[in-house]
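For reference, the chains in residue letters:
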Amino acid sequence: MDNLKTCLFGGYDKLDTLKYIDSLTGEIYMLESALVKKKNGDKYVVPAETGKRKLKTAPLGGFSKQDVDLYIGELPPNGFVYV
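Residues numbered from 1 in each chain as written. Predicted model: local features only at pLDDT ≥ 70, side-chain atom pairs only at ≥ 80, totals over all residues. Heavy atoms only, no water.

Caption draft 1: Spotlight on the packing of helix α1 (residues 14-39) against helix α2 (residues 65-74). In the contact formed by α1 and α2, the axes pass within 11 Å of each other and the chain directions differ by 5 degrees. Between α1 and α2, the interaxial angle falls into the category roughly parallel. Contacts between α1 and α2 involve Thr17, Tyr20, Ile21 and Leu24 from the first element and Val68, Tyr71 and Ile72 from the second. Its residues assigned to classes, the contact of α1 with α2 comprises six nonpolar, one polar and no charged. (Axes fitted to C-alpha atoms, helices over the stretch in contact; angles between N-to-C directions. Helix = DSSP H or I, 4+ residues; strand = E, 2+ residues; numbered from the N terminus. Parallel < 35°, antiparallel > 145°, perpendicular 65-115°, else oblique. Contact = heavy atoms within 4.5 Å. Nonpolar A, V, L, I, M, F, W, Y, C, P; charged D, E, K, R; others polar.)

So, in C-alpha cells, the structure goes:
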C-alpha cells in the first residue's frame, strides 16, 4: 500500500496513526537485525513487542479506518520478517 486514504468525517487521528505505524516499523527493523545476528552467531536482543493499540479517532479529516486496518494487517505477523 503506497499511501493511506483520508476521509472528510471520522477516521483515525493522523498523528496517532503515524506514530503507531512508525513504532511497528521500528520493531520490524530491530527484529530483522536480531535475526541476522542470531544466524551469524552474534549476541542479539529481541526487542519488546509493540503490541496492538487502540488508535484515537478524529471527528474531521482522519485516515480511513478501513485503509489503516488493512495496512497494519499486511505487516508481518508479530513483526517477524522471514529472511
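Caption draft 2: Region of interest: the pattern of salt bridges. Using the criterion set out here, one finds one salt bridge in the structure. Measuring nitrogen to oxygen at the nearest pair gives 2.5 Å for the salt bridge that ties Asp16 to Arg53. Here Arg53 lies in the loop between α1 and α2 and Asp16 lies in helix α1, a separation of 37 residues in the sequence. Overall, Asp16 belongs to the buried group, its relative accessible area being 10%. (Salt bridge = Lys/Arg side-chain N within 4 Å of Asp/Glu carboxyl O. Buried < 20%, exposed > 50% of the residue type's maximum accessible area, 1.4 Å probe, protein only.)

Caption draft 3: Region of the structure containing a nonpolar patch on the surface. Side chains of Leu8, Phe9 and Leu60 sit close together on the surface and give an oily, nonpolar patch of about 400 Å² of accessible area. Since its relative accessible area comes to 66%, Leu8 is described here as exposed. (Patch = residues over 30% accessible without salt bridge, like charges linked within 9 Å, V, L, I, M, F, W, Y side chains within 5 Å. Areas by Shrake-Rupley, 256 points an atom, 1.4 Å probe, with all protein chains shown as cover.)

Caption draft 4: Region of interest: the environment of Leu31. Residue position: Leu31 is located in helix α1. Leu31 gets classed as buried once you look at its relative accessible area, which sits at 9%. Each C-alpha atom, one on Leu31 and one on Val45, is 8.6 Å from the other, the two residues being 14 residues apart in sequence.

Remember that the coordinates give geometry; whether it matters functionally is a separate question.
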